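The residues making up each chain are set out below.
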Amino acid sequence: MHRRFIVPLILGALFTPPLPAQESIKKKDDVEQSVDRALAFLASMQEKDGSWHAMAQPSPAITSLCVMAFLSAGHVPGEGPYQANVEKGVRWVLKQQQPNGLIQGGFGLEMYHHGICTLMLAEVIGMTDPALATELKPKLEKAVALILQSQKNSTGVHRGGWRYRPDSPDADISVTGWQLLALRAARNVGCDVPAERIDAAVEFLLRCRDPRTGGFCYTPGGRVTSACTGTCILGLELCGKDRHHSREALQAGSYLLKNPLKWGDEHFSYTVYYNSQAMFQLGHNYWSFFRPQLHKVLLDNQQRNGGWLSPDGVGPTYTTAMAVLALTVEYRFLPIYQRHEDQP
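Predicted, not measured: the structure shown is a model, and the values here were computed from it.

Engineer: Explanation requested: the packing of helix H7 (residues 130–150) against helix H8 (residues 173–188) in the structure shown.
Structural biologist: Packed helices, taken two at a time, are described by the angle their axes make and the gap between the axes. Closest axis-to-axis distance for the H7/H8 pair is 11 Å, and the angle between their directions is 135°. Relative to H8, the element H7 is oriented oblique. Every pair of crossing elements has a handedness; the one defined by H7 and H8 is left-handed. Every residue of H8 that contacts H7 at Leu140, Val144, Ile147 and Leu148 is listed here: Gln179, Ala182, Leu183 and Ala186. Residues that form the contact of H7 with H8 fall into these classes: 7 nonpolar, 1 polar and no charged.

Structure representation (structure tokens):
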């Protein structure tokens, strides 16, 4: 159990008459119960070496998403019932890091793995004890350096973005979104990330905007998708006060409200992850309208074992981790996704 809950629980025990066991269980709402079941499922799917698999292969990206799912519910290394699962996952990911800083994943998709893993390391550093944070910081700095080296510096439409491989000549929103989140999270824990690099990435996001619909495309001039729209809203919201609640972000939020989530949508897990984070950042009526849709879609499709089947074909571990990260957005444990408290 997270430390911040210990004192309130003790005080509650002193001043509240004891409840029957069944009534106590009802105190947890449907979302909390869903998250509990999902985390139990993820724990059961972890390999002995600490990794989680996707399509029968150990995956740094999926392992990092599973670690973040536990973190998002307040489970950190050295604390709580899942402390061993979290730490084993973190250490397995570290073993995949190459001498040049790249956290190696599937061939041809290196920057997907690297961006997600770098984000996870930054979040762990922001939530764990000083000893482990000190151990992880040099690894994170090497990973950040690799991201900065891989950012496109050409003068064309791809400038400021990232693609599948460090040496890819072009860029897309999906890979760029993970690198941008990783850089923002790393900057939050003291890594040197020049502001102009963040600005260049945001400029790439804006070049992918479709002015007609207010949504965002996978690449400049491409097709608008809900997944890319959520990614760009989140990127804009997390990259400086001048971008916060910008006209572009709010119009994109309206696009998402007009195109609500449906189970089995294209890139469903990716969409549900980014759109939940994005709409929570926008807050106000954007989150008020989106929240019940999100909960209904996920809770209606959760399996008896606590996991979710994979409409994306990647596997239930991936789908379940992304679902947990979407459902726990209001918990505000993960530092990167916390928002200003003046928002409702």
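Now that the structure is up, let's keep going.
Engineer: What exactly am I supposed to notice about H7 here?
Structural biologist: Residues lying three or four places apart along an α-helix face the same way, a consequence of the helix completing one turn every 3.6 residues. Between the first and last C-alpha of H7 there are 30 Å, a value that for 21 residues agrees with the 30 Å anticipated at 1.5 Å per step. For H7, the principal kink sits at Leu136 and spans about 35°; a proline, Pro138, occurs within the next four residues. Looking at the buried side of H7, the elements it contacts are helix H5 (83–95), helix H6 (110–127), H8 and helix H9 (195–207). Of the residues that open H7, the one with a side-chain oxygen 3.1 Å from the backbone nitrogen of Ala131 is Asp129.

Engineer: Help me understand the layout of surface pockets, please; the structure alone is not making it clear to me.
Structural biologist: Here the idea is plain: a probe the size of a water molecule rolls over the atoms and shows the empty space left. In this structure, the largest pocket spans a volume of roughly 790 Å³. Elements that contribute at least two residues to the lining of the largest pocket include exactly strand E2 (57–58), helix H4 (60–72), H6, H8, helix H10 (226–237) and helix H14 (316–327). The element contributing the most residues to the lining of the largest pocket is H4, with 4 residues. Tallied by class, residues from the lining of the largest pocket come to 19 nonpolar, 8 polar and 3 charged.

Engineer: Is there a simple way to think about empty space enclosed by the protein in this case?
Structural biologist: Under the counting rule described, the total for this entry stands at 2 cavities of 30 Å³ or more. For the largest cavity, the full set of lining residues is Ser72, Gln277, Leu325, Thr328, Val329, Arg332, Phe333, Leu334 and Tyr337. Lining of the second largest cavity is provided by Ser226, Leu256, Asn259, Pro260, Leu261, Asp265, Thr271, Asn275 and Phe290. Grouping the constituent residues of the lining of the second largest cavity by class yields 4 nonpolar, 4 polar and 1 charged.

Engineer: Help me out: how do you make sense of the confidence of the model for the protein chain in this one?
Structural biologist: Segments scoring low in pLDDT should not have their predicted coordinates read at a detailed level. Looking at the protein chain, the pLDDT average stands at 91 and 91% of residues meet or exceed 70. Predicted confidence is poor over residues 1–17, with pLDDT under 50, and the contacts of this stretch with residues over four places away or in other chains come to 10 contacts. In the predicted structure, residues 19–26 sits below a pLDDT of 50 and forms 3 contacts with residues beyond four places in sequence or in another chain.

Engineer: Looking at this model, I keep getting lost on the nonpolar core. Mind explaining?
Structural biologist: Grouped burial of nonpolar side chains is what soluble globular proteins tend to show. Leu65, Leu119 and Trp178 are the most contacted members of the largest nonpolar core, which totals 112 residues. Sort the elements by how many residues they give to this core and H6 lands first, with 11 residues. Not counting chain neighbours up to four residues away, the residues in contact with Leu119 comprise Met68, Trp178, Leu181, Ala182, Ala185, Tyr273, Ile336 and Tyr337.

Engineer: I would appreciate a short explanation of the side chain of His113 in the present structure.
Structural biologist: Inspection of the secondary structure puts His113 in helix H6. For His113, the side chain forms a polar contact with the main-chain nitrogen of Ala61, separated by 3.1 Å. With residues up to four places along the chain from it excluded, the contact list for His113 reads Ser59, Pro60, Ala61, Ile103, Gly105 and Gly106.

Engineer: In this structure, what is going on with the packing of aromatic side chains? I would like to understand it.
Structural biologist: Given two aromatic rings, one states the distance between the centres and the angle between the planes to describe the pair. Under the defined criterion, the tally for this structure stands at 13 aromatic pairs. One aromatic cluster in this structure is built from Trp178, Tyr270, Tyr273, Tyr274 and Tyr337. In this arrangement the basic side chain of Arg163 is found over the ring face of Tyr164, its NZ or CZ atom lying 4.7 Å from the centre.

Engineer: How should the pattern of salt bridges be read in this particular structure?
Structural biologist: Opposite charge on two side chains permits pairing when their charged atoms draw close. Counting across every chain of the model gives 12 salt bridges. In this structure, Arg223 and Glu266 form a salt bridge, with 3.1 Å as the shortest nitrogen-oxygen distance. Here the residue Arg223 occupies a position in the loop between strand E3 (216–217) and strand E4 (224–225), and Glu266 occupies one in the loop between helix H11 (247–258) and helix H12 (268–282), the gap between them amounting to 43 residues. Several salt bridges converge on common partners, so that one network encompasses Glu87, Arg91 and Glu135.

Cut-offs used in this document
- Residues numbered from 1 in each chain as written.
- Predicted model: local features only at pLDDT ≥ 70, side-chain atom pairs only at ≥ 80, totals over all residues.
- Heavy atoms only, no water.
- Axes fitted to C-alpha atoms, helices over the stretch in contact; angles between N-to-C directions.
- Helix = DSSP H or I, 4+ residues; strand = E, 2+ residues; numbered from the N terminus.
- Parallel < 35°, antiparallel > 145°, perpendicular 65-115°, else oblique.
- Left-handed = near helix turned anticlockwise from the far one by under 90°.
- Contact = heavy atoms within 4.5 Å.
- Nonpolar A, V, L, I, M, F, W, Y, C, P; charged D, E, K, R; others polar.
- Expected span 1.5 Å × (residues − 1).
- Bend = angle between axes of the 7 residues up to and from the residue.
- Polar contact = N/O pair within 3.5 Å; in protein donor to acceptor, adjacent residues only side chain to side chain.
- 1 Å grid on protein atoms, 1.4 Å probe; cavity = no way out; pocket = protein on both sides within 12 Å on 5 of 7 lines; lining within 4 Å.
- Points joined across faces, edges and corners; volume = space filled by probe spheres on them.
- pLDDT = per-residue confidence, 0-100.
- Core = buried A, V, L, I, M, F, W, Y, C linked by side-chain atoms within 4.5 Å.
- Buried < 20%, exposed > 50% of the residue type's maximum accessible area, 1.4 Å probe, protein only.
- Phe/Tyr/Trp six-rings, centres within 6.5 Å; stacked < 30°, edge-to-face > 60°.
- Lys NZ or Arg CZ within 6 Å of the ring centre and 35° of its normal.
- Salt bridge = Lys/Arg side-chain N within 4 Å of Asp/Glu carboxyl O.

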